[in-house]
2 protein chains.
Amino acid sequence: MADVAAAAGVSAMTVSRALRRPDTVSEEVRARVEEASRRLGFVPSRVASALASARTMTVAVLIPSLTNAVFIDLLAGVQETLSPQGYQPLIGITGYGPEAEEHVLRTQLAHDPDGVILSGLDHTPGTWDLLRGLTIPVVHTMDLSVEGDLMAEGGHDDCPVQTVGFSQFDAGYAVGAHLAARGRRRIGLIAGQLDPRTRQRCDGWRQALRDAGRHDPALELMVPDATSVALGAELLERTLATHPDTDALFLCNDDLAQGALFQCARLGIPVPERLAVAGFNDLAGAAWTVPPLTTVATPRRAIGVEAARLLIAGMADRTPKSRENPRRVDLGFRLMVRETT
Amino acid sequence: MADVAAAAGVSAMTVSRALRRPDTVSEEVRARVEEASRRLGFVPSRVASALASARTMTVAVLIPSLTNAVFIDLLAGVQETLSPQGYQPLIGITGYGPEAEEHVLRTQLAHDPDGVILSGLDHTPGTWDLLRGLTIPVVHTMDLSVEGDLMAEGGHDDCPVQTVGFSQFDAGYAVGAHLAARGRRRIGLIAGQLDPRTRQRCDGWRQALRDAGRHDPALELMVPDATSVALGAELLERTLATHPDTDALFLCNDDLAQGALFQCARLGIPVPERLAVAGFNDLAGAAWTVPPLTTVATPRRAIGVEAARLLIAGMADRTPKSRENPRRVDLGFRLMVRETT
DNA sequence: CTGTTAGCGCCTTCAA
DNA sequence: TTGAAGGCGCTAACAG
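The rules behind the values
- Residues numbered from 1 in each chain as written.
- Chains lettered and ligands numbered in written order.
- Predicted model: local features only at pLDDT ≥ 70, side-chain atom pairs only at ≥ 80, totals over all residues.
- Heavy atoms only, no water.
- Helix = DSSP H or I, 4+ residues; strand = E, 2+ residues; numbered from the N terminus.
- Buried < 20%, exposed > 50% of the residue type's maximum accessible area, 1.4 Å probe, protein only.
- Contact = heavy atoms within 4.5 Å.
- Areas by Shrake-Rupley, 256 points an atom, 1.4 Å probe, with all protein chains shown as cover.
- Lys, Arg positive; Asp, Glu negative; His and termini not counted.
- Charge placed at Lys NZ, Arg CZ, Asp CG, Glu CD.
- 1 Å grid on protein atoms, 1.4 Å probe; cavity = no way out; pocket = protein on both sides within 12 Å on 5 of 7 lines; lining within 4 Å.
- Points joined across faces, edges and corners; volume = space filled by probe spheres on them.
- Near = heavy atom within 4 Å.
- Polar contact = N/O pair within 3.5 Å; in protein donor to acceptor, adjacent residues only side chain to side chain.
- Nonpolar A, V, L, I, M, F, W, Y, C, P; charged D, E, K, R; others polar.
- Axes fitted to C-alpha atoms, helices over the stretch in contact; angles between N-to-C directions.
- Parallel < 35°, antiparallel > 145°, perpendicular 65-115°, else oblique.
- Left-handed = near helix turned anticlockwise from the far one by under 90°.
- Least-squares fit on C-alpha atoms with pLDDT ≥ 70 in both.
- Pairing = 2+ DSSP bridges.
- Right-handed = clockwise from strand over helix to strand, strands pointing away.
- Phe/Tyr/Trp six-rings, centres within 6.5 Å; stacked < 30°, edge-to-face > 60°.
- Core = buried A, V, L, I, M, F, W, Y, C linked by side-chain atoms within 4.5 Å.
- UniProt positions renumbered as here; feature names shortened; annotations may be inferred.

Looking at an unreviewed UniProt entry, one finds chain A named LacI family DNA-binding transcriptional regulator and attributed to Azospirillum argentinense.

Right under this line is the structure:
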């Protein structure tokens, strides 16, 4: 920067200004600095800038996994929103464990991010402590804080939080209600990856069936394994083996549902005549399965975009009033009724 | 750090040492520093550390897209390898454009990464210039430099490069040869997302068919659109409409192939009897389609892991001799013959 | 609108 | 094995 300053015949400070906020220097100086900067191939050191200004222009983004399309979409939304504003996402993988999340968060915080985006609301007390101590904006995604009070879940905290997501419970309820409305009597559930969000979906589904007077706990098959097409196929078989009278099935993720559909095709089970199938998330290809899969479209990318926007707003004014003025953004969901139900 | 030093009764310098390289201080001092550090909740500032030591512990990772599972797997491999070593990946999305890549690279370089991982070998001259000027290790992935000379492609450069990947050409050739060996006569091609790697696959396939004396350019359908299940379904129909005698099809990515399979099921076209179908990449679920999809398993995650390892090795010794000693790591591929052929 | 001064928090280097 | 001095490259705060 000193070299550029010398070449342009100004001080280093003016170079800094001319490059970051061109409108604060005279047109003539701006041009000279720009020319010199370009000629010398000057690339400002963000590290030094960060140290001096206490702004790293990075954002910590913690997601459970890179192999789950849901969080990739979230990340894509975050990335495409942050990037044009000059922010660099720092991704951290938590592997669905609150303890691992706390550790990853600590690691990320050492990089002094200007904001934090988390997945879910199920954090360790240690994580809540960390968050409470932060002076940078934090947004929780994929879930909603309890309506009304905007407090974190679990009662271990009175810290207001910003959340962007949709009601997993309501979405699960919608599927259960839909299946019941279709006249199905023996409605089963298959779930994997039992994180809190999955559980909420299941809870919603269960409530819907109870409301319809058709809930049978024996038809619930919940396993901790990561969801996959293979697992869906396997669990479908297991369900039919133990409860051959099942006439409808909610699978808590589309990959499970696709696996189930494949297996139905193999076993010659007509869908939806003999068995109705509903998935969740409306992942790629869901509209093209045979038959096209009924599922719930979730606004994953939009959640990422909105979370990033909230963060940018909070990072812009350095007085973090955002913490006193938390928001709860419900982006909803859509039941996509296709042909498997 | 000064506070910790005071609490431990040592100098700041000793705190720094005790935390980073515990073996360089006395056991007693180490313990005191650790205790004080923990008690005060000290988190060293990586930013300040980076400025002083000229090591940011970050690695720029440039990939074309977050919505292509291939690069997500690559990223996952990179992430899981870098992370335990204390390196933080900085992801950059290039959108499949060499110009955009150059711009993203410039942006990332402002963060002073300690290493760079790129996708492909098709860079702009400007990018090559940038890379040539770097003193940090660089690894190119998903493709291989020309065997023997280890020089970059295109002849615009005499800069030796490190590459980790597999031969896209050979993989495409393997599919073509397989289809021909199955006795198919009218073998078609469907490709989307025409990046250089896709083109190389197509080139290999073409060569195989030529060698078998069965190449018909009329059976090639190449479109620039991003691949998807929907696109596969659509292009299958188009192919059958214009060339109903097609009896085998290579689709350059598994999502296309899955779409084609779905459409075949819809149209009542027996696979593989009437039409053989081969995909590429062995994406999730390929083994579970109906019938199970013949495809090529590509070592995407392993490529990420190996690229990260090479980088770590290169970043460890600060004398970048790695640049004079480039490697070409061929991780191969596997033709997965299943039931669609 | 531009320049001066004084660090940001840590690490390299050297001396003890 | 430990400490002191100095600086990494930039920017906040203020003065002019």
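Still to come is the rest of the account.
Is there a simple way to think about the overall build of chain A in this case?
Looking only at helices and strands, chain A features 12 helices and 12 strands. Structurally, chain A occupies a C-alpha span of about 85 × 40 × 30 Å along its principal axes. In chain A, which comprises 341 residues, the share counted as buried stands at 58%. At a minimum sequence separation of 6, the contacts of chain A that also span at least 24 residues come to 71%. Per element, the accessible surface of chain A, about 13,600 Å² overall, is 53% carbon and sulfur. Here chain A contributes 34 positively and 41 negatively charged side chains, and the mean placements of these two sets differ by 4 Å.

Explanation requested: empty space enclosed by the protein in the structure shown.
A water-sized probe, rolled over the atoms, reveals where empty space remains. Per the counting criterion, the structure on display carries five cavities of 30 Å³ or more. Here the largest cavity is characterised by a volume of approximately 220 Å³. Considering the residues around the largest cavity, the lining is formed by 15 residues, among which Val47(A), Thr58(A), His111(A), Val47(B) and His111(B) are closest to the centre. When residues of the lining of the largest cavity are traced back to their parent elements, those giving at least two are helix 4 (46–53) of chain A together with helix 4 (46–53) and strand 2 (88–93) of chain B.

Help me understand the protein's contact with DNA strand C in this model?
In the region of DNA strand C, 21 residues are neighbours, and Thr14(A), Arg17(A), Val29(A), Met13(B) and Ser16(B) sit closest. Taking the atoms of DNA strand C that fall within 4 Å of the protein, sugar and phosphate contribute 61% of them. Between Arg20(B) and DNA strand C, the recorded distance is 3.4 Å, taken from a side-chain N or O atom to a phosphate oxygen. If you list the elements that add at least two residues to the surface near DNA strand C, you get helix 2 (12–20) and helix 4 of chain A together with helix 2 (12–20) and helix 4 of chain B. No other element matches helix 4 of chain B, which puts four residues into the surface near DNA strand C. Counted by class, the surface near DNA strand C contains 12 nonpolar, seven polar and two charged residues.

For this particular structure, what's the right way to read the packing of helix 10 (residues 229–242) of chain B against helix 11 (residues 254–267) of chain B?
A pair of packed helices is characterised by two quantities: the angle between their axes and the separation of those axes. Residue and element names in this part refer to chain B. In contact at an axis separation of 6 Å, helix 10 and helix 11 are set at 55° when each is read in the N-to-C sense. Taken together, the axis directions place helix 10 and helix 11 in an arrangement best described as oblique. For the pair helix 10 and helix 11, the crossing hand works out as right-handed. Contact with helix 10, carried on its side by Val229, Leu231, Gly232, Ala233, Leu236 and Glu237, involves Asp255, Leu256, Gly259, Ala260, Phe262, Gln263, Cys264 and Leu267 of helix 11 and no other residues of that element. Per-class residue counts for the contact of helix 10 with helix 11 are nine nonpolar, three polar and two charged.

Hey, could you run me through the relation of the copies chain A and chain B in this one?
One copy of the chain maps onto the second through a rotation about an axis and a displacement along it. Overlay of chain A on chain B (RMSD 0.1 Å): rotation 180°, translation along the axis 0.1 Å. The transformation relating the two chain copies, once decomposed into turn and shift, fits a two-fold axis. With an isologous cut-off of 70% or more, the 100% of interface residues of chain A that recur at the interface of chain B puts this contact in the isologous class.

I tried to follow the environment of Cys264(A) on my own but got confused; where do I start?
For Cys264(A), the location among the structural elements is in helix 11 (residues 254–267). Along the chain, Cys264(A) and Arg274(A) lie 10 residues apart, while their C-alpha atoms are 10.0 Å from each other.

Explain the pairing of strand 2 (residues 88–93) of chain A here, please?
The side chains of a regular strand alternate, first on one face of the sheet and then on the other. Residues and elements named next belong to chain A. Taking burial as the measure, the six residues of strand 2 include five buried ones, the bulk of the element. Pairing between strand 1 (residues 58–63) and strand 2: six bridges, direction parallel. Opposite Leu62, over in strand 2, you have Gly92 as the bridge partner. Following the backbone out of strand 1, through helix 5 (residues 69–82) and into the adjacent parallel strand 2, one traces a crossover that is right-handed.

When you look at the packing of aromatic side chains in this model, what are you seeing that I'm missing?
Two descriptors summarise a pair of aromatic rings, namely the distance from one centre to the other and the angle between the planes of the rings. Applying the stated rule across the entire model yields five aromatic pairs over all chains. Aromatic side chains Phe262(A) and Phe262(B) sit 6.0 Å apart centroid to centroid with 10° between the ring planes, which places their arrangement in the stacked category. Pair noted here: Phe262(A) is in helix 11 and Phe262(B) is in helix 11, and the two residues belong to different chains. Phe262(A) gets classed as buried once you look at its relative accessible area, which sits at 7%. On the basis of an interplanar angle of 55° and a centroid distance of 6.2 Å, the ring pair of Phe250(B) and Phe280(B) is categorised as tilted. With a gap of 30 residues between them, Phe250(B) in strand 8 (residues 248–251) and Phe280(B) in the loop between strand 9 (276–278) and strand 10 (295–297) connect regions that are remote in the sequence. Accessibility expressed as a relative area gives 0% for Phe250(B), which makes it buried.

How should I be thinking about the nonpolar core in this particular structure?
The nonpolar side chains of a soluble globular protein tend to be buried, and buried together. Counting residues in hydrophobic clusters, the biggest one holds 91 residues, and the most contacted among them are Phe250(A) and Phe250(B). Once residues lying within four places of it in the same chain are set aside, the contact partners of Phe250(A) are Val175(A), Leu179(A), Gly188(A), Leu189(A), Ile190(A), Arg201(A), Trp205(A), Ala278(A), Gly279(A) and Phe280(A).

Help me out: how do you make sense of the UniProt feature "domain: HTH lacI-type" (unreviewed entry) in chain A in this one?
With numbering aligned to this structure, UniProt lists the feature "domain: HTH lacI-type" (unreviewed entry) at residues 1–53 of chain A. As a span, residues 1–53 of chain A carries 72% helix and 0% strand, and end to end its C-alpha atoms are 16 Å apart.

Got a minute to help me understand the protein's contact with DNA strand D in this structure?
Around DNA strand D lies a shell of 22 residues, among which Ser16(A), Thr14(B), Arg17(B), Ser26(B) and Val29(B) are the nearest. When atoms of DNA strand D within 4 Å of the protein are sorted by moiety, sugar and phosphate together comprise 67%. Separating a phosphate oxygen of DNA strand D from a backbone N or O atom of Met1(A) is a distance of 3.3 Å. With respect to DNA strand D, the side chain of Ser11(B) contributes an N or O atom lying 3.0 Å from a phosphate oxygen. Every element with two or more residues in the surface near DNA strand D is listed here: helix 2 and helix 4 of chain A together with helix 2 and helix 4 of chain B. Residue contributions to the surface near DNA strand D peak at five residues, all from helix 4 of chain A. Tallied by class, residues from the surface near DNA strand D come to 13 nonpolar, seven polar and two charged.

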